[in-house]
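# Structural features, examined
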Amino acid sequence: MIRFSAIAVSLGLLAGCQSTTEDPAPTDPVPAPHLTPAVSQEGALEQREPDTCHAGDQVAALGQPASVIPTLGISRPINVVEWRGIEPQEYNPQRIVFRLDQTGKIFNIDCG
């Protein structure tokens, strides 16, 4: 009987430790001044000019294997992005970007 009473008292003490108030909602952290971008990116997509790299001239390469890209005679910068690959995040309106599908064929060509 003594063991049961000790357990009951212990459980009662633990129940008394529980908080009945909810934790306050987390607040969004304030960005450090040195991490705040100097230039606003708002509206960056609207600022991109359409086909400044003349990607439309390469439409015939759509559906072709990536091995055809060096034979296209392109004199401007290019970038080839493999399926689920990583590409640079800086936008270059003069660069032609070839995006490849799972089989290594070109499925998209645009500027960037």
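Structure report, in brief. (Residues numbered from 1 in each chain as written. Predicted model: local features only at pLDDT ≥ 70, side-chain atom pairs only at ≥ 80, totals over all residues. Heavy atoms only, no water.)

A complete count under the given rule lists 1 disulfide for this structure. Here Cys53 pairs with Cys111 through a disulfide, and the sulfurs are 2.1 Å apart. Of note, the bridge from Cys53 to Cys111 carries an S-S torsion of about -90 degrees and is left-handed in sense. Taken together, the residues Cys53 in the loop between α2 (44-47) and β1 (78-81) and Cys111 in strand β3 (residues 106-111) connect sequence positions 58 residues apart. For Cys111, a relative accessible area of 12% corresponds to the buried category. (Disulfide = S-S within 2.5 Å. Helix = DSSP H or I, 4+ residues; strand = E, 2+ residues; numbered from the N terminus. Buried < 20%, exposed > 50% of the residue type's maximum accessible area, 1.4 Å probe, protein only.)

The phi torsion of most residues other than glycine is negative, and most of the peptide bonds are trans. The phi dihedral of His54 is positive, around 65 degrees, even though this residue is not glycine. With relative accessibility at 40%, the residue His54 sits in the partly exposed group. Its identity as a non-glycine residue notwithstanding, Arg84 has a phi of 55 degrees, on the positive side. Within the secondary structure, Arg84 is located in the loop between β1 and β2 (96-100). Look at Arg84 and you get exposed, because its relative accessible area is 74%.

Any functional reading would require information that these geometric values do not contain.
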